[in-house]
Every structure is written in structure tokens, then in C-alpha cells.
Amino acid sequence: MKMEVINRTNNFSVIFISVALSLAGCNSESTADLSASPDIPEAPEVPVDPEVPVDPEVPVTPEIPENAKTKNVILMIADGTSDGAWDLASYWTDGKLNNNTYPYTEFDTRMAVNTAPINATYEPALTCTEEEQKVLYEAVKVWDDTPIESNFEFAGYDYLNKEYTDSAAAATAYATGHKTYGSAMGVDYCGEPLEAITTIAKRNGLSTGIVTSVPISHATPGAFAANNLSRHNYSEISRDMFLNGRTDLIMGTGHPAYDGQGNRKTISKYNYKYIGQDSWEELVSNKLVADGSDKPWSFIEKKSDFEKLANNEATAEMLDGPLLGLVQSDSSTQQARGCSNGQDGNVAFACDFLPRPPTLEVMTKGAINYLSQNENGFFLMVEGGAVDWAAHGNHTARIIEELVEFNASISAVIAWVEENSSWDETLLIVTTDHGNAYVLGETSDQVAYAHVENPGKGVMPIVKYYSGNHTRELVRLYAKGNGADTLSIAVRGNDPGYVANYNNIGSNGDYVNNTDVFELMKQVIVAQ
């Protein structure tokens with residue numbers, strides 16, 4: 001499908017003063033079958049102010065300072081991470097709240113993001129008039145602790161489980177600056193294609209890359225590099241990603257020749273769901289060429305090749321021309337793996353890991369080594385996509401595993417910046433696209449919004465889930481580097497209940513729209 005990209009003003013966007021920034025998707029398919037914490041501060045009695053504005057227009061358009069341009073913009077998305085889920089991993093690794101552990105102690109900017117889609121539909125509008133934001137974040141309804149006759153227990157829980165975003169719409173907001181309908185991939189609420197941050201970055205001389213732990217044509221990676229009316233047109237999306245010339249590097253799963261356990265298939269059993277047969281055959285015969293490139297896509301699939309790239313031992317062939325790193329799995333890297341006899345799948349890291357896939361950390365290091373060849377800098381989106389898959393299955397052990405790996409990837413990025421670049425020329429943003437499963441504590445069916453209690457390092461926490469799907473809650477955002485502090489001018493509202501009931505220590509309840517992240521990234525990339 002050939003779509004003509006449009007670039008128009010977003011009625012919900014704001015233009016920021018900038019000094020530099022970075023940017024970053026989700027899966028609605030789950031493959032998983034499977035006393036207060038001592039460092040939780042006493043929650044203050046903070047009333048929810050019904051007068052707090054919801055998504056106000058921000059009339060100020062400040063000028064960009066001369067030193068606004070940033071060289072490297074890195075957006076990292078832990079897909080489908082509810083507020084309570086962040087602490088599950090840090091309890092396991094450190095016995096502490098997430099914000100009190102490395103790498104999150106490195107982030108001074110801590111805020112919240114409103115992820116609401118433009119509307120609650122999953123199809124483009126039939127009548128395209130002026131954009132109207134129909135799904136709102138209303139704090140009064142979020143913190144309504146009125147008991148109800150429902151599995152959701154309280155009215156606030158019920159509200160958060162309605163009119164939530166899909167990963168496609170959320171990723172489109174981050175990637176293009178436009179809120180849209182649920183299954184939209186890089187298109188607006190009418191289905192018109194939008195210009196993505198990857199296109200803007202390429203036009204400004206940057207290299208561009210996408211890394212994910214799930215199939216490359218899934219919602220989050222796809223929205224940064226393709227335009228399609230539906231996230232479910234996977235092979236069309238990957239075809240667009242390969243041919244349109246927006247990305248220099250793509251890494252993730254979706255390999256036609258391997259199943260989710262890393263087993264090689266016979267040719268007759270190849271799975272062309274995520275990469276179509278035509279694209280695959282052109283790829284392996286060195287005939288898959290992107291627009292604007294004089295070289296076909298290079299292709300790596302072995303774990304050892306990913307590790308060579310991460311360790312600066314890559315061959316010249318890997319580093320020359322666009323590079324596709326396709327993990328030998330048609331599912332996630334590790335989340336969908338099985339357990340051997342006697343291994344307890346309900347305990348984090350108790351089941352043997354698959355030998356073929358590289359870690360997200362290795363892929364992230366390799367991507368940066370490849371992209372940083374460009375002296376002008378790069379844009380990179382890294383997605384821990386399988387956090388969402390685990391949350392759909394209410395699988396606490398796999399949520400912990402996936403977030404621990406995501407955290408290691410953040411640490412790798414920070415180490416690279418401090419060894420090879422600087423925070424004066426790099427912007428790092430860490431966030432999620434939406435909540436999933438509304439992760440709360442053991443007593444949260446009796447005490448509204450009760451936290452998951454800290455069981456201590458290496459001990460599985462007790463969790464209550466209030467859905468197997470996405471939520472409308474505000475989500476966390478961390479930022480560091482050139483331009484990170486300028487997010488404060490994009491604040492759309494303040495929710496005191498967010499501070500009182502969640503553990504994003506260091507935040508004050510201020511929140512921005514997901515579209516505002518795009519606007520800031522764009523400004524720091526195009527600034528002179």
C-alpha cells in the first residue's frame with residue numbers, strides 16, 4: 001500500500017523551548033500461559049482538585065535557544081508498564097523502589113504522561129472535520145474509591161479500564177505528534193499518513209534505528225517507520241519499513257524460519273505473518289533495497305553476530321548499508337519460552353533461557369555502535385515490547401524478567417553516553433506507551449490503590465491485577481540530557497492523586513501528553 005505522507009499542524013501539540021531530546025510501542029497478543037515496603041514514604045493526604053484542567057491548550061510558543069540542537073536522541077519504551085509494575089523488577093533485583101535504584105537514580109526529570117487516544121474507535125473516521133479529543137484523563141474519576149459490584153472493586157479502577165489506548169495509537173502519538181484511533185499505524189484519525197520522527201531525523205542528517213524484543217512489524221516499532229490503516233497488516237508494515245528508507249537499522253524478532261522456542265522450521269512451515277514471503281526472499285538473496293540506498297539490506301540473525309556488533313567487532317559488511325538484525329524467533333526474545341520439568345514458571349529467572357536470542361541490552365549496544373558511525377548523530381527507539389505481553393497474561397515472573405532486561409539496556413545507554421558522547425549532546429527519554437493490567441498490591445481489593453509490598457530482594461512479590469489489558473492511567477516518564485528539563489513547559493495538568501497513590505518518587509503530579517514528547521524531540525532535532 002502506497003500512502004502519501006502529510007505534515008500538518010496538530011491542534012493538540014505545543015511547540016517547546018528546547019535544549020535536546022529523545023524518543024520512543026506494544027503488543028495486544030499475549031503468548032504467556034503461565035505490610036508496606038520500608039522505602040515507601042507515607043502517602044500524604046492530598047485532595048484531588050476537580051478544577052485541575054484536563055488537556056488545556058498551551059498558548060506559549062517560546063523561542064528555541066541557540067544551543068537547543070541535540071546530536072543523539074534516544075527514546076526507550078517499556079511497553080505496557082503500569083505504575084506498580086516498575087517496582088516489581090527493582091524489588092527483585094535490589095529490594096528497593098524503582099526510583100531509588102540505578103539506573104533511575106540518574107534521572108532528574110520525572111513526570112507523568114497522558115496516553116489517551118483521540119477516541120475509543122479502532123477505525124478511521126468516515127467524516128473528517130476538525131480534530132476533537134473525545135477521550136480525556138479525568139483525575140476525579142481516577143481516584144474515586146467508591147466500592148462497586150464488580151471485579152474492579154472500586155469506581156476508579158473501573159474508569160481506568162475503559163477507553164484505553166492501543167499500542168498502535170500510543171506509538172503513533174510518540175512518533176508523529178498526533179493522537180489517533182486505536183489500531184492506527186502512523187496515520188491520523190481519518191487514516192491519512194503522517195510524517196514520523198524518523199523521517200524528520202533523516203532529513204536533518206541523522207541516522208535512524210529501531211530495536212525491539214518483539215516482532216519488528218508490531219505496533220510500536222511499526223508506527224515509527226511505516227504508515228498503515230491497521231496494526232494487524234504486519235507483512236505490509238514490514239514491507240513498508242524495508243522499502244521507504246526511513247530507517248538505517250532495524251532489530252527484533254519475527255523471523256519466518258524459527259518458532260518462539262528458537263526451533264528451526266522446515267521451509268513449508270515458514271511463518272510469513274510478520275515478514276511477507278516476497279520480502280523474505282528478496283532479503284536472503286540480497287535484493288531488498290530501500291528507497292535512497294544504493295546497497296541492499298544487510299542481514300544478521302545469529303546471536304554471535306549481534307554480540308560482535310555490540311562489542312565493536314562487526315565486519316565491514318555489517319556496518320555498510322542498512323542493517324536488519326532478525327532474532328531467530330517468530331515471537332518474543334524470551335518471554336514466550338517454556339519451562340523444563342521441575343522449573344517453576346511463576347518465579348523470575350527460574351526457567352532456562354533460550355540460547356539463540358541476543359538480549360535487548362546486546363541489541364541496544366549494537367544499534368548504537370552502528371548508528372554512531374554518523375558524525376551528525378542518530379535517533380534510536382528501543383522497545384522492551386514483551387513487558388506488555390507478560391502483563392496481558394498477568395505473569396509476574398515474566399514482567400520482572402523483561403523489565404530487568406530493559407533496565408540493563410538503559411544502563412548500557414548511559415554508559416555509552418558517558419564514555420563516548422556527553423549529556424550536552426544527547427537526550428535520553430525512558431517511558432511506556434500505556435499501562436497494562438493495573439498492577440496493585442495484595443490488599444488493593446480492600447484498600448483502594450494499595451501498593452505492591454516490598455518482599456525483599458530475590459523474593460516474588462504478591463500482586464493483584466485488575467485486567468488483562470491496557471489501562472488509561474498516567475504513566476511514568478524519565479528524561480536526562482540536553483533538553484530534558486524543558487518538558488516542564490509542556491505540562492498539561494497536575495494530578496495530586498498521582499503523587500499520593502503511586503511511587504514515582506521525585507515527580508510532583510505534573511503530566512504531559514504523549515504528543516508533547518514528539519514535539520520536543522522534533523524541536524531539538526531540527527534546531528540550528
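Residues numbered from 1 in each chain as written. Predicted model: local features only at pLDDT ≥ 70, side-chain atom pairs only at ≥ 80, totals over all residues. Heavy atoms only, no water.

In this section: unusual backbone geometry. Put simply, Tyr102 and Pro103 share a cis peptide bond, and its omega is 10°. For Asn312, which is not a glycine, the phi torsion comes out positive at approximately 60°. A positive phi angle, close to 45°, is found at Tyr438, a residue other than glycine.

Taken as a whole, the largest cavity spans an internal volume of roughly 90 Å³. In terms of lining residues, the largest cavity is bounded by 13 residues, among which Gly84, Val439, His451, Val452 and Asn503 are the most central. Among the elements of the structure, helix H1 (83–94) and strand E10 (439–441) are those that each provide at least two residues to the lining of the largest cavity. At 4 residues, the largest contribution of residues to the lining of the largest cavity is made by H1. In terms of residue class, the lining of the largest cavity is built from 7 nonpolar, 4 polar and 2 charged. (1 Å grid on protein atoms, 1.4 Å probe; cavity = no way out; pocket = protein on both sides within 12 Å on 5 of 7 lines; lining within 4 Å. Points joined across faces, edges and corners; volume = space filled by probe spheres on them. Helix = DSSP H or I, 4+ residues; strand = E, 2+ residues; numbered from the N terminus. Nonpolar A, V, L, I, M, F, W, Y, C, P; charged D, E, K, R; others polar.)

A word on the pairing of strand E4 (residues 249–253). Counting buried positions along E4 yields 5 of 5 residues, so the element is predominantly enclosed. Across 4 bridges, the pairing between strand E3 (residues 207–215) and E4 is parallel. Each residue of the ladder has a partner; that of Ile210, found in E4, is Ile250. Looking at chain direction, E4 and strand E6 (residues 323–326) are connected through 4 bridges and run parallel. Bridge pairing in E6 places Ile250 opposite Leu324. (Buried < 20%, exposed > 50% of the residue type's maximum accessible area, 1.4 Å probe, protein only. Pairing = 2+ DSSP bridges.)

Glancing now at the packing of aromatic side chains. According to the stated counting rule, one finds 21 aromatic pairs in the structure shown. Relative to Tyr502, the ring of Trp143 lies with its centre 5.3 Å away and its plane at 65°, an arrangement referred to as edge-to-face. Here Trp143 is found in the loop between helix H2 (139–142) and helix H3 (155–160), whereas its partner Tyr502 is found in the loop between helix H14 (496–501) and strand E15 (510–513), with 359 residues between them in sequence. Of the two residues, Trp143 and Tyr502, neither departs from the other in class, the shared state being buried. With centroids separated by 6.0 Å and ring planes inclined at 20°, the aromatic side chains of Phe349 and Phe353 adopt a geometry described as stacked. Residue classification places Phe349 among the partly exposed residues on the basis of a relative accessible area of 36%. Each member of the aromatic cluster is reached from another via a ring pair, and the members are Trp143, Phe154, Tyr157, Tyr438, Tyr449, Tyr466, Tyr498 and Tyr502. (Phe/Tyr/Trp six-rings, centres within 6.5 Å; stacked < 30°, edge-to-face > 60°.)

With 13 residues, helix H15 (residues 514–526) should cover 18 Å at 1.5 Å per step; its first-to-last C-alpha distance of 19 Å lies within 8% of that length. Summarising burial for H15: 11 of the 13 residues are buried, a large majority. When H15 is considered as a whole, its buried residues turn out to be Asn514, Thr515, Asp516, Val517, Phe518, Glu519, Leu520, Met521, Gln523, Val524 and Ile525. (Expected span 1.5 Å × (residues − 1).)

Scanning the model with the defined rule gives 2 disulfides in all. Note that Cys128 is cross-linked by a disulfide to Cys190, the S-S spacing being 2.0 Å. Taken together, the residues span a long stretch of sequence, with Cys128 in the loop between strand E2 (109–114) and H2 and Cys190 in the loop between helix H4 (167–176) and helix H5 (197–203) at a distance of 62 residues. You can call Cys190 buried: its relative accessible area is 15%. Cys339 shares a disulfide with Cys351; S-S distance 2.0 Å. (Disulfide = S-S within 2.5 Å.)

A word on the pattern of salt bridges. Under the criterion given, the structure shown has 16 salt bridges. Between Lys141 and Glu138 there is a salt bridge, with its nearest N and O atoms 3.4 Å apart. Lys141 gets classed as partly exposed once you look at its relative accessible area, which sits at 41%. For Arg239, the salt bridge goes to Glu282, with nearest N and O atoms at 3.1 Å. Of this pair, Arg239 sits in helix H7 (residues 234–243) while Glu282 sits in helix H8 (residues 277–284); the two residues are 43 residues apart in sequence, bridging distant segments of the chain. Classification of Glu282 by relative accessible area gives partly exposed; the value is 23%. What you see here is one network of salt bridges that share partners, running through Asp83, Asp87 and Arg476. (Salt bridge = Lys/Arg side-chain N within 4 Å of Asp/Glu carboxyl O.)

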